[in-house]
Amino acid sequence: MSPPSLVGWLLNGFPPHARSALMLNVVLNRPAPYRDNFTSIPDFRDEFADYWEELFGSPAPLAEVALSLTIFPSPVTSTYFRALVEAIDQTEVDNALQSLAAHLNARVDLLQRYETN
C-alpha cells in the first residue's frame, strides 16, 4: 500500500485496544479521555489531516467526515476502525489507516452527492 506515515507510527505506539477509539475521536472531533506522552487529540487530528492531504491531494474535510458518520451510520464503517485494533505491526496499522481513510473519503463523497440532490 502506501509508505509508513507519521500518524500510523503514532497509532502503532498506542495499545491496540485504544487505536479505534482514538481515531474515532479524531474524526468526530471529540476529546479523548486519555493523553499520551508524545501526542494529544489535536496533534493526531493535525497529523491525520496532513495524511489525508497526502493521500487524496486535497485538504481533509474532517467536519464532513464527522457529519457523514452521523447522518449515514454504517455497520461497515466499524470494520475499518476495528482493523486498527487487529493490526499487529506497523505495516498493518498503515494499511488499516489507508483503508479507513479511503472508506471515509467515500462516505464524504456520498454526503456531497446527497447534499447536491
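This section reports on the structure supplied with the text. (Residues numbered from 1 in each chain as written. Predicted model: local features only at pLDDT ≥ 70, side-chain atom pairs only at ≥ 80, totals over all residues. Heavy atoms only, no water.)

Digging into the overall build of the protein chain
(1) Moving on: The helix and strand tally for the protein chain stands at six helices and zero strands.
(2) Moving on: Going from N to C terminus, the protein chain has its helices and strands arranged as α-α-α-α-α-α.
(3) Moving on: Burial status across the protein chain gives 41% buried among its 117 residues.
(4) Moving on: Within the protein chain, contacts between residues separated by at least 24 positions form 66% of all contacts whose residues are at least 6 apart in sequence. (Helix = DSSP H or I, 4+ residues; strand = E, 2+ residues; numbered from the N terminus. Buried < 20%, exposed > 50% of the residue type's maximum accessible area, 1.4 Å probe, protein only. Contact = heavy atoms within 4.5 Å.)

Considerations on helix α5 (residues 75-86)
(1) Moving on: The end-to-end C-alpha distance of α5, which contains twelve residues, comes to 17 Å, matching closely the 16 Å that a straight helix rising 1.5 Å per residue would cover.
(2) Moving on: Listing the buried residues of α5 in full gives T77, F81, L84 and V85. Considered in projection along α5, the buried side chains sweep an arc of 105° and stay on one side of the axis.
(3) Moving on: Its buried side turned inward, α5 meets α1 (6-12), α2 (16-28), α4 (62-71) and α6 (90-116). (Expected span 1.5 Å × (residues − 1). Arc of directions from axis to C-beta.)

Looking at the packing of aromatic side chains
(1) Moving on: This structure, assessed with the given rule, holds four aromatic pairs.
(2) Moving on: Residues F48 and W52 carry aromatic rings whose centres are separated by 6.1 Å and whose planes lie at 70° to one another, so their mutual orientation is edge-to-face. With F48 and W52 both in helix α3 (residues 41-56) and four residues apart, this pair spans about one turn of that helix. Here F48 matches W52 in class, with each residue buried.
(3) Moving on: One aromatic cluster is present, built from ring pairs that chain together F48, Y51, W52 and F56. (Phe/Tyr/Trp six-rings, centres within 6.5 Å; stacked < 30°, edge-to-face > 60°.)

Section: the packing of α5 against α6
Working note: a packed helix pair is described by the angle between its axes plus the distance between those axes.
(1) Moving on: For the pair α5 and α6, interaxial distance at closest approach is 8 Å and the crossing angle is 165°. Judged by the angle between their axes, α5 and α6 are roughly antiparallel. In the packing of α5 onto α6, the handedness of the crossing is left-handed. Side by side, α5 and α6 meet where V76, T77, Y80, F81, A83, L84 and E86 of the first sit next to E92, V93, A96, L97, S99, L100, H103 and R107 of the second.
(2) Moving on: Broken down by class, the residue content of the contact of α5 with α6 amounts to nine nonpolar, three polar and three charged. (Axes fitted to C-alpha atoms, helices over the stretch in contact; angles between N-to-C directions. Parallel < 35°, antiparallel > 145°, perpendicular 65-115°, else oblique. Left-handed = near helix turned anticlockwise from the far one by under 90°. Nonpolar A, V, L, I, M, F, W, Y, C, P; charged D, E, K, R; others polar.)

Concerning the pattern of salt bridges
Pairs can form between side chains of opposite charge whenever their charged atoms are close.
(1) Moving on: Summed over all chains, the structure comprises one salt bridge.
(2) Moving on: The salt bridge partner of E86 is R82, with a shortest N-O separation of 3.4 Å. With E86 and R82 both in helix α5 and four residues apart, the pair spans about one turn of that helix.
(3) Moving on: The exposure class assigned to E86 is partly exposed, which follows from its relative accessible area of 49%.
(4) Moving on: A residue is classified by how much of its surface remains accessible, and R82, at 46% relative accessible area, is partly exposed. (Salt bridge = Lys/Arg side-chain N within 4 Å of Asp/Glu carboxyl O.)

Observations concerning the nonpolar core
(1) Moving on: Of all hydrophobic cores here, the largest spans 29 residues; its most connected members are L11, M23, V27, F44, F48, L97 and L104.
(2) Moving on: Considering each element in turn, this core owes the most residues, seven residues, to α6. (Core = buried A, V, L, I, M, F, W, Y, C linked by side-chain atoms within 4.5 Å.)

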